[in-house]
Structure formats: C-alpha cells, structure tokens
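Structural overview
Listed below are the residues making up each chain.
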4 protein chains.
Amino acid sequence: MNTFGRIFRLTDFGETHGPCMGGVIDGCPSGLRIDTGFVQQELDRRALKGDGRRESDKVRFVSGIYDGCTNGAPIAFLIDNEDGQPNAAADGVLKPSHSSFVYREKYGHTGNEQGGRSSARQTVCRVVGGAVAKLLLRAHNITVAAETLSTARITTDGDTAGSLVACVIKGLPAGLGEPVYDKFDARLAAAMLSLPACKGFEIGEGFRAAALCGSEYNDLQNSDFSFRTNHDGGVQAGITNGEEVCFRVAFKPIPSIRMPQPTVDYCGNPVTYTASSRNDACAAPRVLPVVEAMAALVTADFLLIENGKLKTEN
Amino acid sequence: MNTFGRIFRLTDFGETHGPCMGGVIDGCPSGLRIDTGFVQQELDRRALKGDGRRESDKVRFVSGIYDGCTNGAPIAFLIDNEDGQPNAAADGVLKPSHSSFVYREKYGHTGNEQGGRSSARQTVCRVVGGAVAKLLLRAHNITVAAETLSTARITTDGDTAGSLVACVIKGLPAGLGEPVYDKFDARLAAAMLSLPACKGFEIGEGFRAAALCGSEYNDLQNSDFSFRTNHDGGVQAGITNGEEVCFRVAFKPIPSIRMPQPTVDYCGNPVTYTASSRNDACAAPRVLPVVEAMAALVTADFLLIENGKLKTEN
Amino acid sequence: MNTFGRIFRLTDFGETHGPCMGGVIDGCPSGLRIDTGFVQQELDRRALKGDGRRESDKVRFVSGIYDGCTNGAPIAFLIDNEDGQPNAAADGVLKPSHSSFVYREKYGHTGNEQGGRSSARQTVCRVVGGAVAKLLLRAHNITVAAETLSTARITTDGDTAGSLVACVIKGLPAGLGEPVYDKFDARLAAAMLSLPACKGFEIGEGFRAAALCGSEYNDLQNSDFSFRTNHDGGVQAGITNGEEVCFRVAFKPIPSIRMPQPTVDYCGNPVTYTASSRNDACAAPRVLPVVEAMAALVTADFLLIENGKLKTEN
Amino acid sequence: MNTFGRIFRLTDFGETHGPCMGGVIDGCPSGLRIDTGFVQQELDRRALKGDGRRESDKVRFVSGIYDGCTNGAPIAFLIDNEDGQPNAAADGVLKPSHSSFVYREKYGHTGNEQGGRSSARQTVCRVVGGAVAKLLLRAHNITVAAETLSTARITTDGDTAGSLVACVIKGLPAGLGEPVYDKFDARLAAAMLSLPACKGFEIGEGFRAAALCGSEYNDLQNSDFSFRTNHDGGVQAGITNGEEVCFRVAFKPIPSIRMPQPTVDYCGNPVTYTASSRNDACAAPRVLPVVEAMAALVTADFLLIENGKLKTEN
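Here goes a summary of the coordinates provided. (Residues numbered from 1 in each chain as written. Chains lettered and ligands numbered in written order. Predicted model: local features only at pLDDT ≥ 70, side-chain atom pairs only at ≥ 80, totals over all residues. Heavy atoms only, no water.)

So, the interface of chain B and chain C
Across the contact, 34 residues belong to chain B and 34 residues belong to chain C. For the pairing of chain B and chain C, the buried interface totals around 2,800 Å² over both sides, and the portion due to carbon and sulfur atoms is 59%. The interface formed by chain B and chain C includes zero salt bridges. For the pair chain B and chain C, the number of links is 18 residue pairs in polar contact (both at pLDDT 80 or more). Of all the elements in the fold, those that place two or more residues in the side of chain B that touches chain C are strand S2 (9–14), strand S3 (20–26), strand S4 (59–63), strand S5 (65–66), strand S7 (75–80) and helix H2 (100–107) of chain B. (Contact = heavy atoms within 4.5 Å. Buried area = accessible area lost by both parts, 1.4 Å probe. Salt bridge = Lys/Arg side-chain N within 4 Å of Asp/Glu carboxyl O. Polar contact = N/O pair within 3.5 Å; in protein donor to acceptor, adjacent residues only side chain to side chain. Helix = DSSP H or I, 4+ residues; strand = E, 2+ residues; numbered from the N terminus.)

Shown next as structure tokens:
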C-alpha cells in the first residue's frame, strides 16, 4: 500500500512529526551512476516555500550504491525531519477537507499528532525516488518537465489557491504500455491522483476532446510515420506512439487556510479551527518536481517492463 | 497485464474476430447469489447501438457457481462472437488515432485482422465482471450509476463525436482507500483511463478546483459529522468519507470515421482509409454500463481489502 | 489466488463436475509459434491412467494465437469435461485427508458435489500452461524432464501409494533468480508444494545436506568456471549458476482409497466412506508432466523477468 | 524483489558492509501494541554466536508507531552495522558454493566488498519483521517455535556443518490458505527456501509420505471433528485444518570453511581461498528465530487475507 510501481518500485515511510522520512527503491538496474548532487537538487526545488524560505532536506543513501553506482541491491535513503516532535496542537479537531475525519474512520485516530501519511511532507520520498528514475531515463535520453499553467486568485489574507499544472515527457520510444488495463496513461493518471490535493487528470486534448468530432481530432501520419498533430498526447490505445506525452493535472486549494473555519471535534462538538502559518498557500510551484517524479517513476517502470533489465552504460 | 484488481480480480481474454470473449473473476466471496438475468441485462444495456440495432451477446457461466451461488472457485464466463472470422479488409493500413501503429511498434503486427485487445469489443468482459461486482455491492447497499452529460455536435455525415460522462457511487462506507499510493480516486482514475478513447478523469470539483480558493472549496462538517457540501466528491486524502463519490470522464471521438482520411500503410506509402459503417459514432451511451462496471470493480476490490472476505447473506 | 506467475502468468478455472476446465496465459511474448500437437501430447501424457485407460482431454485455444503464432494477446484455452454433472454421491461426508473438511471450514460447503478446485483434475490447466512455457523455453534450448524414483509398495487391494519424483532442468543460463525473497528455488518449492498431495521439496543434496560438512559439500570451480560437482543442484544463493537444476518432490498416497474408512458427516455423525474406483492409486506417473509444467512455468517467468520481453525467432 | 508478503509485507535493505540494515513493515493493522523489548529479545536470540560471542544489534523504530501502538502507517526500522566498511579482502575471488559467482553473472560484480544481499546478515531484518508478526499472532493466541533436530558431525578443525530444523505453529484457525496456487504450505515452503543455505522443506510426514500407503497415512476425524493423527502436518489441500502445522527445514553446511579450498578468481586463475574466522560453523541454532520469523510472516499474511484488517484489542 506504501509501494509504487511493479519492477521499478518505491516503498516509503515516515511521518512529519517522526524522526525521519525514507524509502527503498527496488528493481533499479545494476551499474547506474547515481549523481547524488542531482538528487539533492531535485529535493531543493521542492524545498522552496512560497514565502521564500526553504526546508533544509538532506538526503542520505544507506544501501544499494557502491563506488557511485547502483549494485543491484535495494537503494535505501533517509531524510531527517527538522520537527520530529508530535504535534498536539490540533489534537481532536476534524480539519475541514483534510485527512483527519477519514483517518478517524479508518484507523481510529486523526493522525493529526504525527502528521499522517497523506501529508505533503511524504512527497520528499517521491522526489528522491523520482530523481533516481530520472537518472535512469536520462541514460535513455528521456526527459520530464512540469510547469504551472495557472493558479486561483486569492483575494483574502490567509486563503489558499487551487492550481493547474502541465507536464511533458520527451524522448519516449513507441510501444510502452499495455492495450487493456495497464495502459500507459492509466498508470499515469493513478500516479497523479495519488498526489495530495489532486482532483483531475487529462492527457492530450483531455476534456476538450469530449466536444470535438473525429474529423477534427484524429492524428494523421506522414510517410515517415511522424504525426502531423498530437491531439492524443502521445498515447494511443494505452501505448506510447513516440510523440511527446503531454498531460495536465488539477490541484484543489490547500485545505489548511489561515482563517477561522467552523468544524467539529472528535465528539461532534462545534469548534473553530484556524490553520498555522507554516502551510503553503498553493500546491504549485512546489508540486512541480513531485509531478515530474511520479511521471518519471511510471516511465521507468514501463521501460523496464518492456525491455527487461536494461544494460546501463555510464 | 490483462488482469484488473487485487483481491476482487477480473482476468479476461478474446479478440473481436476470434471465436469468443471471456474472463475469470477471482476473489469473489463464497455464497453470493448470482442473478444471471441481471448480468445479461447489463450486457444488453451495452449492446444497444446508436442506430437502434443490438449486438446479441449472451453470457454463459462455466465455473464457480453452484446452485445459483458462488462457491469460492473462480467464476469463468464465455460470450460467443458473431463475427469470428479474421478481418483482412484493412490489413496493413495504419488507421488514424487507432491502435494499429502502436501495435505494429509493440508486437510487430497491426492487430487489424483480429481486432486487437484495445477494441471496444473487449468491454463486454468488463461489463460481466462489473455486473458480478455490482451484485456484491448491492448486498451492501452500494449502487453505481452513470449518465451522459454531453456529446460533441456532428455536422458532417459519417463523422464521430466525443462525449462527457458523469458517474455517482452511492452508499459507500467511510474508510475505503489508502492514504498514499492506493488512494480510492487514484484506482478509479486508472480504471477510467483504461477505457478505450478515455482522455480525462476528474472527481468532485475536478478541474474547476484549480480556479477556487480554500475558503470557497473546503467541505465543512456538522455535529453529526455529515458534510454541508461535497466539493471533494466523496474522497479526501484518498479515503472515502461516506458522501457520494462523484466523478466525470471525458471520451474522445471514436477514431473510425466513415469519411476518407489520408494515412499510410505499413511501408509508409500514402493510402486513403474510410471506416466501415459498423462502428459507433460516439462512446456514449454504450459506454455507460462499462463506466459503471469499472467503478463497481474498483469499489468491490476496496471493500474486500478493507473488510476481508465479507460474509454474504442472501 | 488462481493465478500463478508474475510476468508469464497462468490464471485458470473449472471444476471436475462443471462443463469445462480452462485458463488464460498472459505475458507470453508475441511471435512464438504454438505447436498445438505438442500441447495435446503433453495432455495425453497426463491422461494415461494406471489401469491403462485414458482420459480424452482435448485442448482448444480460443484467443491469443493468429496464424499459428502468439500475437501478444492473452492466450485462452478450454478443455471440456466428460463428466459435467454434479456428483451427489458423497455429499455431506468428510473424506479422510481430503479437502472436504477444510473446504467446509473455509467456504461453508465441502465442494464434494463440484469436485472442488484442489482436485487433481485442475492439473490439466497446469499442463497446458506448462506446455506453452516449454515451447518458449525450447526456443532458448532449455528442457525440463521428470521421472519417478520410487513408489510405496501396496499390499492390500484398493490401497494407494505415496511416490517420489525427480526433475531436472537443463540448459539454464546463469543469473536467474533474486538473492533474497524471490530465489529461483524458493519459487520452485512453492510451485511444487502447490501440487495436490505434495508434502516435500528438496534441491541438490536436499535433506542429505543436513548431515554433511562444508569440506564434503562445497562445489568447486575450474578455470573455465565449470563446476566439478553439483551438490547445490544448480542454484546458489537463490540464483542459477548454469549447472543442471535437480530437485525431488515427495507425494503422499492419494487419500481416496477403495477400502472402508471410518469418518464423520457434516453433523459429526460417524459414517463409513469407501472411495469409488475412478481414482488413481498413486500420484506418479501421471504427475510427471504436471511437475514438468510447473517447473517450466517458473523458469519461463524468471527468464522473462531477467531478459524482458524476449524477441522470439521461429 | 526485496519484498515478502502480500498484505502483511516486509521490504528490507542493507548490506553487511554498509552503514545499516533496515526495513519497512506495511499492512500491519492499526492499534497493535509493539513490545519493543520483545523485538529486541528476538534479535538477541539471533545474535548469539557459536563461540559464545554476541552481535550487538539494536533495533530502532522510526515510523508507524505512536504512543506504543501501530498507527496504520508503514513501520520502519533501522539497525546499525558495526562493520560498515567495504571489505576488500576477498575481492575478485569466487568463494566456493557462495554467491560470488552467480552475483558476477547476474550483476557484473561479486558483491564480496559489500557483503551482498544473500549474506546471513540480511536475516536481522527478517527477525524484526517476524517479531512484529508474532505480536499480531500472539493477540490471536497463535505461537511459533523452532528447534534444532540434528547437525552434521564436524571432524576437522575449521569445517562447517549442515543442520536440520523443525518448527511448529500452534493455535491456527482452520481455513487459512487457498486451494490451488496460494496453498498455505506452498507459501511456507517458499519462505523457508528463501533462507540462506536452505536446501529442503517438508511438512507433516514429508518425504516419508512417499513410502506410505493411504491406509497408513490418512488422518481420520472424530465426531467432534478433532483428528486422531496429524500425518498431514496441519494442512490439507493447502488449507489449515486447525491442527498444529509441523514442518522441517534442511540447511546445507555454511560454505565459508576455515580451510584452504582451491577455487578461481574473476579471470579464471586458480587461487586458494580460506574463509576468515568470523563466520558461523552451522546455520543452527542462530537460524531458529529466523525460521520462526518467516513462519510468522507467512501466517500473519494469511490471517489478514482471510479476515481482513483485524480489529486488534490491547
């Protein structure tokens, strides 16, 4: 349940208010050079807060790398938490549109004290796993890049904003993905919807396709098999066609607003809850390296499934 | 790769131009009464073509049911194909926005002759699997219903249309889904994107959420823990909260248009391709029971994961 | 639960007293020529009864093969049952050392009427799946062969006998298997213990190794890396070393003896049960193609995991 | 590949000569009290060396436990290595009957420097995972206990010995395990064969069953459904029958003998290799808590699959 992927797999752990976050990357081919500077750089991209402050996450690899290269053993990493103390502040309060109510229903506690696993903090593990996946993809000339398309306009102090993110995967070979349940874009959609606050995924024309006719939409091919258009976003019948894979992801506003909201406590008593100032106002732009990481994990997994254990030359 | 689900699992097979379609439903609890009339009725909903004609699919169960009830063995079913002959018609042509090019890249043949596995024909298997899942859900007072929200306007004879479909799951308990990678809505998104021609998925406010502020969006709770609004669409932090699960799915226009389109053959020679009149003009409304089937499969799977092998009373 | 394998996967269904047995082979590479005569021959090897009679199983492929070769779609097959009527004979009796008691505890019925899934009849599906795996292995010059080493001596009319079977896999490359949980021999052991009546598995020296010293046991290597001995049975640290993989499997006597045995019925009332004359007296020799089939399935799966989707030339 | 289990899952990492070993236990129900003293005690049982010395492994939990109980998040643990420096000693030598040759074939290096993943050191992770599983089983009155039955007699200084271990699981409910591929004893066999140096597994009468007749072997039942004998070792048709599960495991002699052995280096040059004095002479008795750990992991997994997420009261 805390594992992502089939061959290239990330299993991770850690809670905001515990001592550390960490994870295990299994299935990465032996002999891949790990540029730890690049991995740290990806973490740093995620660390930049909206107010200009930074989280100071430092990644430490403790297994699976020898002499700078993967050796076929599982790659384990740790990232210390700065704030490793349980947070008693909002104990017993059901934070609006947050995980506390569903946690109580599922686990018998709100998870508020530990921060829970659905916290955005967990995404540091995705970024590290994704960075290793990017290094594997880079060796095959595949790149992943996300950007913010728009954010909601905030008119009130302490409010938060939804955001729209686009991502492009370039350099993919044709033939990745399976024609029925394991479609490339089905795995990509699951990867994106697994992100905190994500509420929508579309590929190529996406929702606009619902208002188009076949004569407008179809991607025609030239004699060299290149495509004249890319309405399908690089995936046809669940399989990559060699064009750029283009998709968009919608994020709802961060639920923790620094404004008083009426809610209830564990017993159903009405209380007022105001989030602390430490939260972000918007998923973007910090979510960009996370979106890229998930796209890289999906792609690396399909690449290994299609081609077996790739021989990596450094 | 041709299996969907973890505990409640559908594995299916068959090609349009082979003798039959079929599948195996594994993990269904013993003792569930199988209303075969209902299963056939679901197939009949899918069978109604846009021009009023019907496909005559008849389902036949060959394993796993004894005396009208499941017995814990895998449930197998067969559906004969009417047109079981290989189709040589479009052999060697890369049909625009269709699976033929990516099939050629992946498997070394276009799949045109057999119809391939990404054909809409494969969805009969999903409908049967989904119908059994619905019977399990019905025993827990959970229902699934889809409707067409809109379709593209066709102005030219022989053209095809995109469509937008909405679906609601009612009666779900709170607590289904996992907080990180196996979020309820992540699995739902993968299920929908696995459908032929699907290009987008959104839950609750979906893409509209990207333009909203937290103060507008957050779902507040009453003292009896009921929700005042359902912007989140029944899933928070990947876990159901007991509200209705509401999602929308976008389908591109069917790629087979009855109009001449320029394309190429296997060798890259320019050819003109015009689809035959047997194809549908729009995914909706035939896709509605298929959307419901996939939603039912996802829900049944999570229900069994959360509660173990439910004791079913009939 | 009714699926075996990870990449090369067999999912099967059917009960002795239902209309047919069948299965789906998923993950087989596209382009493998399927010699259906060979598959039938393997079934025929299994069909020969101890008393010289034969079961008349005929396999019919209904999906995944086009023009004699696999096309990348799931390969489905059906085998009709001759005796497709429910068997009311022993209804309500707990047959000694049989599945009826544990079935009652698990599913709420004995499975006697349908024959259950733990019946030896189910192994026809394994043989078909294994025959396809053997065809894949043959293309890589890998062979699998089992033989009966010994059987218990029967002194009383109607009694049954335990048996000991040996199997050798030849032509394996070094490097298959994973060093920790997915050891080649761990998967092989699970495959064998999944067979009806199997009570033991050993590889190489097996249980004899427990009484040996390292100076007697260790397999030394020559300058050309060949091994002087093969006490380890071709697997070291869970990974094949290129030597022959040699293992032995112990089967208990078939529990259905044609002699009166005291047992109880569903309600605990003492009854006497005598099995009918249709049962075999010994797992061997009919189990030989089944043992080979499971070994072939395990090997094909590891081969695909190690090498990805092999390009098969015919 | 470094994950064991389906619902109750252990994923682990670490190499002998890296900084630490560790793992992630996923799928453990929320609310289970973790007696860390007991977990440490299990590690201490494994730590006692044949010569009376002890390894000083200390386990540290860093995630998934709050206020002494599991909280539903993945449980992560770390164990520091005392000897965290790469070991250049035997670099390039193919140690006889060891992992170095197969590692070279699979990964392109011997793994000697890091100790590899097939090292006995890895079993500390199994012991911690198994100890948590035992705590879950204890809450259901299930116990697991292993003992040494025999060891080979060593006549020469520095030699090593094979050993035979028996294990009993008591208190199991009837009904765990699946009738075809996921038989309880098939999973158990795979678990045992996944242990370093394991060469055989048998349950109940095991290999002796091959020489018995049905009239001698069958386990008859009394009117209260109790069994008069337990030749089957508590598992029939792959499903537990409520009797004690009894199995035996054979271990080959530890391959590292403190005697000169002729072998070759990477290039095939003849060399003599003598193992250092740090290795054990026999898998038993240190392997006993490891055998129990694997049996506990298998049992906990089946228990959760059968009963869903058990509500645990402390």
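Quick word on the sheet that holds strand S2 (residues 9–13) of chain C
Residue and element names in this part refer to chain C. Here we have five strands laid out as an open sheet, ordered S1-S2-S3-S7-S4, and antiparallel in their pairing. The open sheet is flanked by strand S1 (3–4) and strand S4 (59–63), the only strands paired with a single partner. Alignment of S1 against S2, held across two bridges, turns out to be antiparallel. Considered in S2, the bridge of Phe 4 is made with Leu 10. Across the sheet, helix H1 (residues 36–47) lies against S4 and strand S7 (75–80), angled at about 135° from S4, the strand it touches most. (Pairing = 2+ DSSP bridges. Axes fitted to C-alpha atoms, helices over the stretch in contact; angles between N-to-C directions.)

Looking at the relation of the copies chain A and chain B
Taken as rigid bodies, chain A and chain B are interconverted by a rotation of 180° and an axial shift of 0.0 Å, the fit giving an RMSD of 0.0 Å. Here the transformation between the copies is reduced to the relation of a two-fold axis. Both copies share a contact surface, since 100% of the interface residues of chain A are interface residues in chain B too. (Least-squares fit on C-alpha atoms with pLDDT ≥ 70 in both.)

Overview of the nonpolar core
In terms of nonpolar packing, the biggest core is built from 300 residues, with Phe 247 of chain A, Phe 247 of chain B, Phe 247 of chain C together with Phe 247 of chain D touching the most fellow members. Those residues in contact with Phe 247 of chain D, other than ones at most four positions away along the chain, are Val 165, Ala 166, Cys 167, Ile 169, Leu 188, Met 192, Phe 201, Glu 202, Ile 203, Val 291 and Ala 295 of chain D. (Core = buried A, V, L, I, M, F, W, Y, C linked by side-chain atoms within 4.5 Å. Buried < 20%, exposed > 50% of the residue type's maximum accessible area, 1.4 Å probe, protein only.)

Here's the deal with the relation of the copies chain B and chain C
When chain B is brought onto chain C, the operation consists of a screw motion whose angular component is 180° and whose axial shift is 0.0 Å, with 0.0 Å RMSD remaining. When the interface residues of chain B are mapped onto chain C, 100% of them are again interface residues, pointing to one common binding face.

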